[in-house]
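Per-entry structural report
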Amino acid sequence: MSKREMLKIALSVIALTVLIAVSAVQISMQRASEAPQTLDGSMYGTEDDNGLETATIKRFGDAVALASSTAFVAVNENGEKIIDEPISINTPLLHSNGDYMALADEGGSGVWIYHGRDMCAHITTEEDIVGVRVNRSGTFAVATKKAGYKAEITVYKEDGTSLFRYLCGEASFVDMDLSPDGSRLLLSSLKTDSTYSASLLLIPVHGGETSIVTLVEGEIFIGVRYNRDGSFLALGTARLDRYNADGSLKWTRDFSGKTLCDACLDDQDNIALAFETNATSLLSGGANVEIYNRNGVLTGTYSAPGNIRSITLCDNGIAVTYGKIVDIISSRGELKKSAEANTNIRSAAVFKSGRHVLIFGGGRAEILDI
């Protein structure tokens, strides 16, 4: 696979993570032996590049949130709404961490921060938003476009008070994360000249010098994530790195020649990566899931017969969604239990307990027993 093809795949992965929502659908709750129960209110969907309805879904705390261009709703496992806010945005962008949820208007100017059911901050940016991250203490970072620069990143307190600004000069913004204590900003950027190269930067929020963690030519770090102990992960198109808190490399795993289609870096002990078995299309063929522990050791693999829509982690395993199926597998790749929806699942999020999953497909959102 050429470097140009790897970059094309990386950009496709980034594009597939951005889902927009516009046409109305019902929110319902379904149990295995019961008819769906329609809940008060409605959600909205839209059509993706393949003409199929999608929705933006993300778990936070004990709830699952659904976002659209006109509404932000969070429900518990019983299907009860704990948040139901009308909004007007372009494209919903969600990021959760513990009991905090950040909702941003990608391409717009609004950011909302929730702690449980309570909104603790709402800010409006001067430039279009390209990224948002929140840590477990509520400190959050917003990346926006900036005239004369590639991007500007602003770090805020939980209440929306500005703490720090950083300008991206020569390299384009790709991804970012905040350290657990909010003292450092981890930035992934991409520089393109005659070739392209990825960089990871550690930027002190309260003063000090920026340090370069690594520069890798012909690569792009499409995702970065802090762990609670201050170490962090960097996911590239052909590698996965783990770094110590000081930025020194702890381990790296190479997966050159494989086509990455999804990844979940949200757990402290398990990392799940999905690779297409049919590299000719990101939307067809099966996928293989590889599970690694925090030391980078491969602990298990799992083969899904269809295109994976999402991988999420819960208290009792790893949830793999494909077609109409949600499988819960162990860290060793063993199938523990499975559930089937009435329609193809476009997006999904498993509740923390691992007993229920909220799925979106066929123009409706439902909670299924697993």
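Our subject in this report is the structure included herewith. Each chain has its residues counted from 1, running along the sequence as written. The predicted origin of the model limits local features to residues at a pLDDT of at least 70 and limits the giving and counting of side-chain atom pairs to 80 or more, whereas totals for whole chains, interfaces and linings rest on all residues. Heavy atoms throughout the structure, all of them, feed into the side-chain values; hydrogens and water do not.

On to the overall build of the protein, then. In terms of helices and strands, the protein carries one helix and 34 strands. Only protein chains enter the accessibility calculation, which uses a 1.4 Å probe; a residue is then buried when its area is under 20% of its type maximum, exposed when over 50%, and partly exposed in between. Burial status across the protein gives 56% buried among its 370 residues. Every residue pair with non-hydrogen atoms within 4.5 Å of one another is taken to be in contact. Restricting to contacts in the protein with at least 6 residues of sequence separation, those with at least 24 account for 38%. Accessible area for the protein stands at about 15700 Å²; split by element, carbon and sulfur atoms hold 45% of it. What counts as a helix is a DSSP run of H or I of at least four residues, what counts as a strand is a run of E of at least two, and both are numbered from the N terminus. Residue exposure ignores everything except the shown protein chains as possible cover, and the areas themselves are Shrake-Rupley values with a 1.4 Å probe.

Attention now goes to the sheet that holds strand S24 (residues 259-264). Read across the sheet, four strands follow the order S24-S25-S26-S27 without closing on themselves; strand pairing throughout is antiparallel. Both edges of this open sheet fall to S24 and strand S27 (298-304), since each of them pairs with a single strand only. Along the sheet, successive strands turn relative to each other by an average axial angle of 20 degrees, direction set aside. Pairing between two strands is assigned when DSSP locates at least 2 bridges connecting them. Two elements, strand S26 (residues 287-293) and S27, share six bridges in a ladder whose sense is antiparallel. Its bridge partner being in S27, glutamate 290 is matched across the sheet by threonine 301. Orientation is described by lines fitted to C-alpha atoms, with helices fitted over the stretch in contact, and by angles between N-to-C directions that extend from 0 to 180 degrees.

It is worth spelling out the pairing of strand S6 (residues 71-75) at this point. Within S6, five of the five residues are buried, which leaves it mostly tucked inside the rest of the structure. The two faces of S6 match: Ala71, Val73 and Val75 on one face and Phe72 and Ala74 on the other face are all buried. Bridging between strand S5 (residues 63-67) and S6 involves four bridges; their strand directions are antiparallel. Paired with valine 64 across the two strands is valine 75, which belongs to S6.

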